[in-house]
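Architecture at a glance
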Amino acid sequence: MNKIEQTVGIPHLGGSRVGYTFARPYDPALPTLVLINSYTTSAELYRPQFADPALGSAVNLLALEPYGHGRTRASYRHFTYWDSAVANLQALAALGIREAFVLGTSQGGWVAVRMALLAPDTVKGLITLGTSMDSESERSRELGCWDGIGFTTPLIDALAEPVGDDWVVPDDVVDAVFTTAMGGLPAEERAFWLGAYRANYAGDAGRRRLRLSTVNLRDRDGLHGRLDDVHCPVLWLHGTADQVYSVANAQEEIRMFTRSPEARLEIIEGGQHFLSASHPAEVNSAAVDFVKRRS
């Protein structure tokens, strides 16, 4: 199966190009499942989903890359997760897709929920993986979540000064992300991601995108006061080996979707933070069932 990897123009942030990947040509007879990747990764995070024939035959698989990630670029220099949500909605409109289910891993979950808040007629259901609906708060740390401020602040400081055209993201940054999110990577997979990061985050423009993506993670607004305005079904999948956000946090936050017709948490034994990569069989099966029951 040959993926379709392109960009689409939208008006947001002074004019942007949003990186998108289809598993195969769009079929209007099938529901669409949008995939939103996690911090500093790209649409390549969802290779296990694009490789699954059962999932690919059930839905139009469409990965959309947030601002600061992959091939997505904006004319304006600053952006937030709300901007990525708007951009995704405008990308769907530009691609002629009127409604979709949205799946997001970690920060992708924050963008997915923002999409549902902004456009409830477009987003028909949410699947969130290894995420949190809070800011990087003391409350979340008390529930066993990571110290996101401690993780991100040294990198933000290290990326503060301009660099030359030959700069690429340091290997230890990539290793830190995947040690935290996956418990580390085998050699071949590590080599793949080192190459992807070097391509995505090169030169001073790459440094700026990486720094602002990290600022957004650390300084984002929480969604607790807005979750009762989500009116679509929500399926939250969370792994027991998630080193970033805890099961206890997920158990508390799933109850905040008080106006969703169904808000359900499923715990995946041994699942890592990047759950779609660590446990693709469980995620893919749950996604097919979720979409089929609502299409």
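Residues numbered from 1 in each chain as written. Predicted model: local features only at pLDDT ≥ 70, side-chain atom pairs only at ≥ 80, totals over all residues. Heavy atoms only, no water.

A word on the packing of aromatic side chains
Counted by the stated rule, this structure contains 14 aromatic pairs. Ring centres 6.0 Å apart and planes at 45 degrees place the aromatic pair Phe22 and Tyr26 in the tilted group. Judged by relative accessible area, which is 6%, Phe22 ranks as buried. Judged by its relative accessible area of 32%, Tyr26 is partly exposed. Pairwise contacts between aromatic rings join Phe178, Phe192, Trp193, Tyr197, Tyr201 and Phe274 into one cluster. The ring of Phe192 has Arg47 sitting right over it, with the charged end atom 3.8 Å from the ring centre. Positioned above the aromatic ring of Trp110, the side-chain terminus of Arg220 is 3.7 Å from the ring centre. (Phe/Tyr/Trp six-rings, centres within 6.5 Å; stacked < 30°, edge-to-face > 60°. Buried < 20%, exposed > 50% of the residue type's maximum accessible area, 1.4 Å probe, protein only. Lys NZ or Arg CZ within 6 Å of the ring centre and 35° of its normal.)

Some details on the packing of helix α6 (residues 148-158) against helix α9 (residues 203-219)
Interaxial distance between α6 and α9 falls to 9 Å at its minimum, and their mutual angle equals 150 degrees. The angle between the axes of α6 and α9 places the two elements in the roughly antiparallel class. Note that α6 runs across α9; the crossing there is left-handed. Across the interface between the two elements, Ile149, Thr152, Thr153, Leu155 and Ile156 from α6 touch Arg211, Thr214, Val215, Leu217 and Arg218 from α9. Class assignment of the residues belonging to the contact of α6 with α9 gives a composition of five nonpolar, three polar and two charged. (Axes fitted to C-alpha atoms, helices over the stretch in contact; angles between N-to-C directions. Helix = DSSP H or I, 4+ residues; strand = E, 2+ residues; numbered from the N terminus. Parallel < 35°, antiparallel > 145°, perpendicular 65-115°, else oblique. Left-handed = near helix turned anticlockwise from the far one by under 90°. Contact = heavy atoms within 4.5 Å. Nonpolar A, V, L, I, M, F, W, Y, C, P; charged D, E, K, R; others polar.)

As for the environment of Glu138
Counting through the fold element by element, Glu138 comes out in helix α5 (residues 138-142). Separated by 75 residues in the primary sequence, Glu138 and Ala63 have C-alpha atoms spaced 32 Å apart.

Examining unusual backbone geometry
Even without glycine at this site, Thr40 takes up a positive phi of about 65 degrees. If you trace the backbone, Thr40 turns up in the loop between β3 (32-36) and α1 (47-50). Although it is not a glycine, Ser106 adopts a positive phi angle of roughly 55 degrees. When you line up the elements, Ser106 lands in the loop between β6 (100-105) and α4 (107-118).

Digging into the environment of Arg255
For Arg255, the location among the structural elements is in the loop between α10 (247-253) and β9 (263-268). Sequence separation of Arg255 and Asp228 is 27 residues, and the distance between their C-alpha atoms is 9.6 Å. Among the polar contacts made by the side chain of Arg255, one reaches the main-chain carbonyl oxygen of Gln251 at a distance of 3.0 Å. (Polar contact = N/O pair within 3.5 Å; in protein donor to acceptor, adjacent residues only side chain to side chain.)

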